[in-house]
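Observations on the model geometry
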Amino acid sequence: MELLKERIKKDGKVRSGNVLKVDSFLNHQMDIKLFEQIGKEFKRRFADCPINKILTIESSGIGIASIAAQSFDVPVVFAKKNTTKNIDGALYSAQIESFTHGKVYNVIVAREFLNPCDNVLIIDDFLANGKALMGLSKIVEKSGAKLCGAGIVIEKGFQEGGKLLRASGMRIESLAIIKSMTPDGEIIFED
Ligand code: 5GP
């Protein structure tokens, strides 16, 4: 998606540890006009799927998933990061190691919001090592719902998540795939 790639080149900041900061338009301040275009692009790419629910993870996935949901006309469920170990039977849970914080979170979704009739699209802002996507897909699997695929805004193609998950059969549509980025700020995209 050219508009997105241009924006990343203009406003993205490469930080140590393979972190790309896009706080000025994606995950702190949010450019809602850009989000609308991103939502329409996800809808175009997944037009062949009977998606009736979008699943994301708090917190940075929520904004983008919510605007995308308007294009799909479906509800959004976000997995909550749960600090207590007390999981009762009314929840699906999975463990996710955070790329940016290095911590392991237990994430939960209430059973009432995901069920075997659902056709789910997972949406997230970044794909790096794939832990968030793996955890969310486990929750979908536990619920008996069908996973249609994942829509990712920025994939760091030089990290392993995309390769591993595609090899496992997951359909992933990433709107910008970064081939490489350097500490002096040069960002190169895959075609
Ligand atoms: P993964 O689980 O694929 O390793 O990492 C994905 C999650 O980590 C995303 O939900 C995103 O919030 C965060 N993340 C991974 N890489 C980056 C990055 O370069 N920049 C930012 N801002 N977040 C990232």
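Above this text you will find the structure in question.
We now turn to the structure provided with this report. (Residues numbered from 1 in each chain as written. Predicted model: local features only at pLDDT ≥ 70, side-chain atom pairs only at ≥ 80, totals over all residues. Heavy atoms only, no water.)

Thoughts on the packing of aromatic side chains
Selection criterion: When the centres of two rings from Phe, Tyr and Trp lie within 6.5 Å, Trp using its six-membered ring, the rings pair. Their planes under 30 degrees apart give stacked, over 60 give edge-to-face, and anything left gives tilted. The criterion is that NZ of a Lys, or CZ of an Arg, lies within 6 Å of the ring centre and within 35 degrees of the ring normal, and then a charge sits over that ring.
In the structure shown here, the tally under the stated rule is 0 aromatic pairs. Sitting over the ring of Tyr105, Lys81 keeps its end group 4.8 Å from the ring centre.

Quick look at the environment of Ile154
Put simply, the test is: By the criteria applied, helices consist of DSSP H or I runs no shorter than four residues and strands consist of E runs no shorter than two, each listed in order from the N terminus. Summary of the burial criterion: residues with accessible area below 20% of their type's maximum are buried, those above 50% are exposed, and those between are partly exposed, where the area comes from a 1.4 Å probe applied to protein chains only. The contact criterion used throughout is that any non-hydrogen atoms of two residues lie within 4.5 Å.
Looking at the element boundaries, Ile154 is found in strand E8 (residues 146–156). Judged by its relative accessible area of 0%, Ile154 falls in the buried class. Along the primary structure Ile154 and Asp125 are separated by 29 residues, whereas in three dimensions their C-alpha atoms are 6.2 Å apart. Excluding residues that lie within four positions of it along the chain, Ile154 makes contacts with Ile8, Leu20, Val22, Leu26, Asp125, Phe126, Leu127, Ala176 and Ile178.

Here's the deal with the pairing of E8
Rules: Strand pairing requires that DSSP identify at least two bridges connecting the strands. A right-handed crossover is one whose linking path, passing over the helix from the first strand to the second, runs clockwise when the strands point away from the viewer.
In terms of burial, E8 is largely enclosed, as 9 of its 11 residues are buried. In this structure, strand E7 (residues 119–127) lies alongside E8, joined through 8 bridges in parallel fashion. Counterpart to Asn119 in the pairing with E8 is Lys146. With helix H4 (residues 131–143) bridging E7 and its parallel neighbour E8, the resulting β-α-β unit is right-handed. Pairing between E8 and strand E9 (residues 172–181): 6 bridges, direction parallel. Across the sheet, Ala150 pairs through a bridge with Ile172, a residue of E9.

Section: the site of the ligand
Applied cut-off: Whether a residue is near a molecule or strand is decided by its heavy atoms; if any one of them lies within 4 Å of it, the residue is near. Within 3.5 Å is the distance limit for a polar contact, defined as a pair of N or O atoms, with the added protein rule that one can donate a hydrogen and the other accept it, and that residues adjacent in sequence qualify only through two side-chain atoms. Side-chain classes are defined by residue name, with Ala, Val, Leu, Ile, Met, Phe, Trp, Tyr, Cys and Pro counting as nonpolar, Asp, Glu, Lys and Arg as charged, and the others, Gly among them, as polar.
Around the ligand, 17 residues are found, and the nearest of them are Leu20, Ala128, Asn129, Gly130 and Lys156. Within the contact set of the ligand, an oxygen atom lies 3.4 Å away from a side-chain nitrogen or oxygen of Ser60. In the environment of the ligand, an oxygen atom lies 2.8 Å from a nitrogen or oxygen atom belonging to the backbone of Asn129. Elements with a contribution of two residues or more to the shell around the ligand: strand E2 (19–21), E7 and H4. With 4 residues, the top contributor of residues to the shell around the ligand is E7. For the shell around the ligand, a count of residues per class yields 7 nonpolar, 6 polar and 4 charged.

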